[in-house]
Amino acid sequence: MSAPRYLLTISLPGTDLRWSHKTRTRVGDTKGFLREVEYMLESGEMKRFVDGFVKAHGGLEKIESEWQDYYLKLLEAEE
């Protein structure tokens, strides 16, 4: 049986846009988690993770369009 692991998730509030990355670090291993995040930053893996979010959801224009739709709904709800 596999040990539980952390899941890093990027999401855009108000939309269904989500992108996740399962870490190698077991839950509870705080030092290991921090080392893994540091490695992700230094190796460029974090950049690929963030870029993957944009690519998986149709690019920046599509994401901005979905965000604008959500934002307009918020404004309409306030009226």
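Residues numbered from 1 in each chain as written. Predicted model: local features only at pLDDT ≥ 70, side-chain atom pairs only at ≥ 80, totals over all residues. Heavy atoms only, no water.

A word on the environment of Tyr70
Part 1 of the argument: Checked against the element boundaries, Tyr70 lands in helix H3 (residues 60–78).
Part 2 of the argument: With relative accessibility at 24%, the residue Tyr70 sits in the partly exposed group.
Part 3 of the argument: Separated by 56 residues in the primary sequence, Tyr70 and Gly14 have C-alpha atoms spaced 6.0 Å apart.
Part 4 of the argument: The contacts of Tyr70, once residues within four sequence positions are left out, are Pro13 and Gly14. (Helix = DSSP H or I, 4+ residues; strand = E, 2+ residues; numbered from the N terminus. Buried < 20%, exposed > 50% of the residue type's maximum accessible area, 1.4 Å probe, protein only. Contact = heavy atoms within 4.5 Å.)

Comments concerning the environment of Lys55
Part 1 of the argument: Along the chain, Lys55 falls in helix H2 (residues 45–56).
Part 2 of the argument: In this structure Lys55 comes out as exposed when scored by relative accessible area, which is 73%.

Describing the pairing of strand S2 (residues 18–26)
Part 1 of the argument: The pairing of strand S1 (residues 5–11) with S2 spans six bridges and is classified as antiparallel. Within the sheet, the bridge partner assigned to Thr9 lies in S2 and is Ser20.
Part 2 of the argument: In textbook terms, the turn of a hairpin is the stretch between consecutive antiparallel strands, and for S1 and S2 this stretch comprises six residues, one of which, Gly14, has a positive phi near 85°. (Pairing = 2+ DSSP bridges.)

A few points about the packing of helix H1 (residues 30–43) against H2
Part 1 of the argument: As a packed pair, H1 and H2 sit with axes 4 Å apart at the nearest point and diverge in direction by 80°. Put simply, H1 runs roughly perpendicular to H2. In this structure, H1 contributes Val37, Tyr39, Met40, Leu41 and Ser43 to the contact, and H2 contributes Glu45, Met46 and Arg48. (Axes fitted to C-alpha atoms, helices over the stretch in contact; angles between N-to-C directions. Parallel < 35°, antiparallel > 145°, perpendicular 65-115°, else oblique.)

Keep in mind these numbers describe shape, not what the thing actually does.
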